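# Breakdown of the fold
Chain residues, written in single-letter form:
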Amino acid sequence: MRILVVDDSRAMRLIIRRQLRRAGLGEHTVTEAADGAEALAAVLADRPTLVLSDWNMPAPDGLQLLTELRRRGINVPFGFITSEGTPEMRRRAEEAGAAFVVAKPFGADDLRAAIEEVTVPRV
Amino acid sequence: MSGSVSAAVPVSEGDLAAVARAVWDATLGLGLDGIEPAPPVPDPRLAAVVSLSGGFEGAVSLELSTAAGREIASLMFGLGVEEISWEDTADAVGELANIVGGNVKALLGRPAALSLPSVVALPPVTPGPCRPAVGRAGPVARGVTMGFGRNVVRIALHASATADPPAVTDVPAAGREIGKGDR
C-alpha cells in the first residue's frame, strides 16, 4: 500500500506516521504533503493507494482536495484525519466521497480499524 | 461574564478539561490535572488560538509558557528540546489548539467554522493598574488551568460579546491583549 499523508502540521504528519507504525502498518510506503495543492500533485504523480488527509488546511483544504480528485475521476480511497468530527462534517465528507473520518485525537486502533474497513477485502 | 452570554455557552469547565485531557493523552501520552487555585502561566508565554464563527462567535485558546510549548514540540517531533525552533513550537501547539478547538466546537451543538490556528508570543505580565482580561479572542466564557508535569496550560473558550460588554476584572490581568510579541 502507498499511503499519502496530507496535513499542514509537520508535527501531525509525524504523529500519523507513528500511529501507522503502531497500527501495524509501518511496512507500507508513506509519503507526505503539506497542503492540498501539494497533495494533488503527489496523487497525480505517484498514484498512492490511500490518502489520509486533514480537513482544516489553507486552501485548498481537505474537502476541496477530495472534491477535485473525484472531479478528475481519481477514486483513490480517501480518509479524513481531522479535528472536525461533528455529524455534519462526517455527512459532508461522505457526500464528497470520503471512505471514513478519523477524529483527532485518535489512537493507533482507531486508525487501523478505519483503514481496514477500506482495504481489507470482505468475504 | 454576563449571565446572558454565559447561559448561551453550552460547554462547561468540566467539558474543557475533559477535552484537554483526551488530547494530551492521545497526542502526547501525558496526563493533565486540574489545578486549584489556578496559578499564573509563567513568562515567557505563548498563546495558540483557533477562532469559531457562524453559529458560535468566539475562540478557543491555549496559553502556556514558551518552555512548555517547546517540551510539547519535543514530544511531538521526537527531538531534544534544544533542537526545537519557534516554528516547531508554533506548529505543535497550534495543532493542539486545532484539536482542542475542533472537539469543543463539536460540543457547542451548532454549526460553526473553525479557523486555522494562530500562535503568538505574549508580552510579559507587568504589575500595575488592573487591565481587563480581554483579548481579541473575546471575553472568556469558560476557562480551566491544568498541569502536566511542572507545566501549566490555561484552556479557554472565548465568546464574542453578543449583548453585554465584557466584565472588567479587579485583579491584574493574566496578560494583555493577545497579539504578536517578541519571540
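Per-chain numbering applies: the sequence of each chain, read as written, is numbered from 1 onward. For naming, the first written chain is A and the first written ligand is 1, with later ones following in the order written. In keeping with the predicted nature of the model, local features appear solely for residues at pLDDT of at least 70, side-chain atom pairs appear and are counted solely at 80 or more, and the whole-chain, interface and lining totals rest on all residues. The basis for every side-chain value is the complete set of non-hydrogen atoms in the structure, without hydrogens or water.

### Some words on the pairing of strand S2 (residues 45–54) of chain B
Residues and elements named next belong to chain B. Here is the rule: Buried residues are those whose accessible area, probed at 1.4 Å on protein chains only, stays under 20% of the maximum for their type, while exposed residues exceed 50% and partly exposed ones sit between those limits. Helix and strand labels come from DSSP, where a helix needs a run of H or I of at least four residues and a strand needs a run of E of at least two; each type is numbered from the N terminus. Strands are treated as partners if at least two bridges between them are detected by DSSP.
In terms of residue burial, S2 counts as a mostly covered element, since 7 of its 10 residues are buried. Bridge analysis of S2 against strand S3 (residues 58–65) gives 8 bridges, and the strand direction is antiparallel. Within S3, the residue paired with Leu 52 across the bridge is Gly 58. Turn length for the S2-S3 hairpin, with the two strands adjacent in sequence and antiparallel, is 3 residues. Looking at chain direction, S2 and strand S5 (residues 118–122) are connected through 5 bridges and run antiparallel. Considered in S5, the bridge of Ala 47 is made with Val 120. Relative to strand S4 (residues 112–114), S2 is paired through 3 bridges, and the arrangement is antiparallel. In the sheet register, Gly 54 faces S4, and the bridge partner there is Ala 112.

### Digging into the packing of aromatic side chains
Residue and element names in this part refer to chain A. What counts is decided by this rule: Any Phe, Tyr or Trp ring, taking Trp's six-membered ring, that has another such ring centre within 6.5 Å forms a pair; planes under 30 degrees apart are called stacked, those over 60 apart edge-to-face, and the others tilted.
For the structure on display, the rule yields 3 aromatic pairs over all chains. Ring centres of Phe 78 and Phe 80 lie 5.1 Å apart, and the angle between their planes is 70 degrees; on these two criteria the pair is classed as edge-to-face. Here the aromatic cluster, defined as three or more aromatic residues joined through ring pairs, consists of Trp 55, Phe 78 and Phe 80.

### Notes on the packing of helix H2 (residues 13–28) of chain B against helix H4 (residues 86–108) of chain B
Helix-helix packing is described using two parameters, namely the angle between the two axes and the distance between the axes. Residue and element names in this part refer to chain B. Note the cut-off: The convention used is that axes are lines fitted to C-alpha atoms, helices contributing only their stretch in contact, and that angles between N-to-C directions extend from 0 to 180 degrees. By the definition adopted for this analysis, an angle is roughly parallel if under 35 degrees, roughly antiparallel if over 145, roughly perpendicular if from 65 to 115, and oblique otherwise. Working rule for handedness: look at the near helix, and if it is turned counterclockwise from the far one by less than a right angle, call the crossing left-handed; if clockwise, right-handed. Residue contacts follow a heavy-atom distance rule, with two residues in contact if any of their heavy atoms lie within 4.5 Å. When residues are grouped by polarity, Ala, Val, Leu, Ile, Met, Phe, Trp, Tyr, Cys and Pro land in nonpolar, Asp, Glu, Lys and Arg in charged, and all others, Gly among them, in polar.
Between H2 and H4, whose axes approach to 10 Å, the crossing angle comes to 140 degrees. Compared by their axis directions, H2 and H4 come out oblique. For the element pair H2 and H4, the recorded crossing hand is right-handed. Facing H2, whose interface residues are Asp 15, Leu 16, Val 19, Val 23, Trp 24, Thr 27 and Leu 28, H4 presents Leu 96, Ile 99, Val 100, Asn 103, Val 104 and Leu 107. Residue classes in the contact of H2 with H4 are distributed as 10 nonpolar, 2 polar and 1 charged.

### Quick notes on helix H3 (residues 66–77) of chain B
Convention followed: What a helix is expected to span follows from its residue count: subtract one and scale by 1.5 Å.
The end-to-end C-alpha separation of H3 of chain B is 16 Å, in line with the 16 Å expected for 12 residues at 1.5 Å each. Of the residues making up H3 of chain B, those classed as buried are Thr 66, Ala 68, Gly 69, Ile 72, Ala 73, Ser 74, Met 76 and Phe 77 of chain B.

### Here's the deal with the sheet that holds strand S5 (residues 100–103) of chain A
Residues and elements named next belong to chain A. With respect to topology, 5 strands assemble into an open sheet ordered S2-S1-S3-S4-S5, the strand pairing being parallel. Each edge of the open sheet carries a strand with a single partner, namely strand S2 (29–33) and S5. This sheet shows a mean twist of 20 degrees between the axes of neighbouring strands, independent of strand direction. As paired strands, strand S3 (residues 50–53) and strand S4 (residues 78–82) are joined by 3 bridges and run parallel to one another. Of the residues in S4, the one forming a bridge with Leu 52 is Gly 79. The strands touched by helix H2 (residues 36–46) within the sheet are strand S1 (2–6), S2 and S3, with S1 carrying the most contacts at an inclination of about 170 degrees. Packed onto the sheet, helix H3 (residues 62–71) meets S1, S3 and S4 and runs at close to 175 degrees relative to S4.

### Examining the packing of H3 of chain B against H4 of chain B
All names here are of chain B. Contact geometry for H3 and H4: axes closest at 8 Å, N-to-C directions at 85 degrees. With respect to H4, the axis of H3 lies roughly perpendicular. Touching Gly 69, Arg 70, Ile 72, Ala 73, Met 76 and Phe 77 of H3 are Asp 88, Thr 89, Asp 91, Ala 92, Val 93, Glu 95 and Leu 96, all from H4. Across the contact of H3 with H4, the residue classes tally to 7 nonpolar, 2 polar and 4 charged.

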